[in-house]
Amino acid sequence: NAGVTQTPKFQVLKTGQSMTLQCAQDMNHEYMSWYRQDPGMGLRLIHYSVGAGITDQGEVPNGYNVSRSTTEDFPLRLLSAAPSQTSVYFCASSYGTGTGGTEAFFGQGTRLTVV
Amino acid sequence: AQSVSQHNHHVILSEAASLELGCNYSYGGTVNLFWYVQYPGQHLQLLLKYFSGDPLVKGIKGFEAEFIKSKFSFNLRKPSVQWSDTAEYFCAVNPNNAGNMLTFGGGTRLMVKP
């Protein structure tokens, strides 16, 4: 049971390049989300999904796209990278709502640098 | 929109000292509350959580937290810290059982001196 797996772990992009951060979970969780972590700001929600085919915006969605074609996968796409997107990105999943359902499990993170 | 405030950004303690990290949130409804820990170079791991019932919750590694509804607070405590507790600690709130849409505080970086 691998939990939440993110790839790559490190990435350097040039301004304007595009890329996809991969996230996969093997726990059959309904809910998946992407956060970015910046010093002193904690984690901020970028996009989230409550199930396959359903996505919505979080607090800081600009510059990012997501899709959820399967329960397992939730990729995050940067269409045209900007230096302001330099950050550490975490994918998380949880199995649903209700008591005990909202504990989030996090991946190892992707450290992205845009130059 | 809800917000979460962690009052201390950096804390330095000696081993065996007691720890209390403050966390306050601004949301009037029912919330689930969490403390996560991030050891250097690692991902976030759950320390403890509060959903309902006894407001004093115990987590892993000797940590505990107390939910005080009237103060909108969920402070983290440990009676005696160890060098291995050096990490960054995040308080998070999940309102209305809304999936895993967590709102995080800014984090507290704890350094424990041996």
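The structure under discussion appears in the preceding block.
All values derive from a computational prediction rather than experimental measurement.

1. A short note on the interface of chain A and chain B
- Contacts between chain A and chain B engage 25 residues on the former and 21 residues on the latter.
- In total, about 1,900 Å² of surface goes out of reach between chain A and chain B, with carbon and sulfur atoms giving 58% of it.
- Where chain A meets chain B, there are zero salt bridges.
- There are five residue pairs in polar contact (both at pLDDT 80 or more) connecting chain A and chain B.
- Of all the secondary structure elements, the ones that give two or more residues to the side of chain A that touches chain B are strand E4 (31-37), strand E5 (43-51) and strand E9 (87-94) of chain A.

2. Examining the pairing of E4 of chain A
Residues and elements named next belong to chain A.
- A large share of E4 lies buried, amounting to seven of its seven residues.
- On E4, burial covers both faces: Tyr 31, Ser 33, Tyr 35 and Gln 37 on one face and Met 32, Trp 34 and Arg 36 on the other are all buried.
- Pairing of E4 with E9, which is carried by seven bridges, proceeds in the antiparallel orientation. Its bridge partner being in E9, Met 32 is matched across the sheet by Ser 93.

3. Let's talk about the pattern of salt bridges
All names here are of chain B.
- In total, this model carries seven salt bridges over all chains according to the counting rule given.
- For Glu 64, the salt bridge identified is with Arg 77, shortest N-O distance 3.5 Å. Of this pair, Glu 64 sits in strand E8 (residues 64-68) while Arg 77 sits in strand E9 (residues 73-78), and the two are 13 residues apart along the sequence.
- For Lys 78, the salt bridge goes to Asp 85, with nearest N and O atoms at 2.8 Å. Assigned by exposure class, Lys 78 and Asp 85 land together as buried.
- Look at the salt bridges and you will find they share partners, linking Lys 58, Glu 64, Glu 66 and Arg 77 into a network.

4. Overview of the state of the cysteines
All names here are of chain B.
- Summed over all chains, the structure comprises two disulfides over all chains.
- The side chain of Cys 23 participates in a disulfide bridge whose partner is Cys 91; the two sulfur atoms lie 1.9 Å from each other. Around the S-S axis, the bridge from Cys 23 to Cys 91 shows a dihedral of about -65 degrees and counts as left-handed. Taken together, the residues span a long stretch of sequence, with Cys 23 in the loop between strand E3 (19-21) and strand E4 (24-25) and Cys 91 in strand E10 (residues 87-95) at a distance of 68 residues.

5. With respect to the packing of aromatic side chains
- Taken as a whole, this structure holds 13 aromatic pairs over all chains when the rule is applied.
- When the centroid spacing of 5.5 Å and the interplanar angle of 85 degrees are considered together, the rings of Tyr 35 of chain A and Phe 104 of chain B count as edge-to-face. Pair noted here: Tyr 35 of chain A is in strand E4 and Phe 104 of chain B is in strand E11 (residues 103-104), and the two residues belong to different chains.
- Ring plane angle 70 degrees and centroid distance 6.1 Å describe the contact between Phe 106 of chain A and Phe 104 of chain B, whose orientation is recorded as edge-to-face. Taken together, the positions of Phe 106 of chain A in strand E10 (residues 105-106) and Phe 104 of chain B in strand E11 put the pair across two chains.
- Judged by relative accessible area, which is 6%, Phe 104 of chain B ranks as buried.
- By way of ring pairs, the aromatic residues Tyr 35, Phe 90 and Phe 106 of chain A together with Phe 34, Tyr 36, Phe 51, Phe 90 and Phe 104 of chain B are connected into one cluster.
- If you follow Arg 68 of chain A out to its NZ or CZ, it ends over the ring of Phe 74 of chain A, 6.0 Å from the centre.

Rules used in this analysis
Residues numbered from 1 in each chain as written. Chains lettered and ligands numbered in written order. Predicted model: local features only at pLDDT ≥ 70, side-chain atom pairs only at ≥ 80, totals over all residues. Heavy atoms only, no water. Contact = heavy atoms within 4.5 Å. Buried area = accessible area lost by both parts, 1.4 Å probe. Salt bridge = Lys/Arg side-chain N within 4 Å of Asp/Glu carboxyl O. Polar contact = N/O pair within 3.5 Å; in protein donor to acceptor, adjacent residues only side chain to side chain. Helix = DSSP H or I, 4+ residues; strand = E, 2+ residues; numbered from the N terminus. Buried < 20%, exposed > 50% of the residue type's maximum accessible area, 1.4 Å probe, protein only. Pairing = 2+ DSSP bridges. Disulfide = S-S within 2.5 Å. Phe/Tyr/Trp six-rings, centres within 6.5 Å; stacked < 30°, edge-to-face > 60°. Lys NZ or Arg CZ within 6 Å of the ring centre and 35° of its normal.

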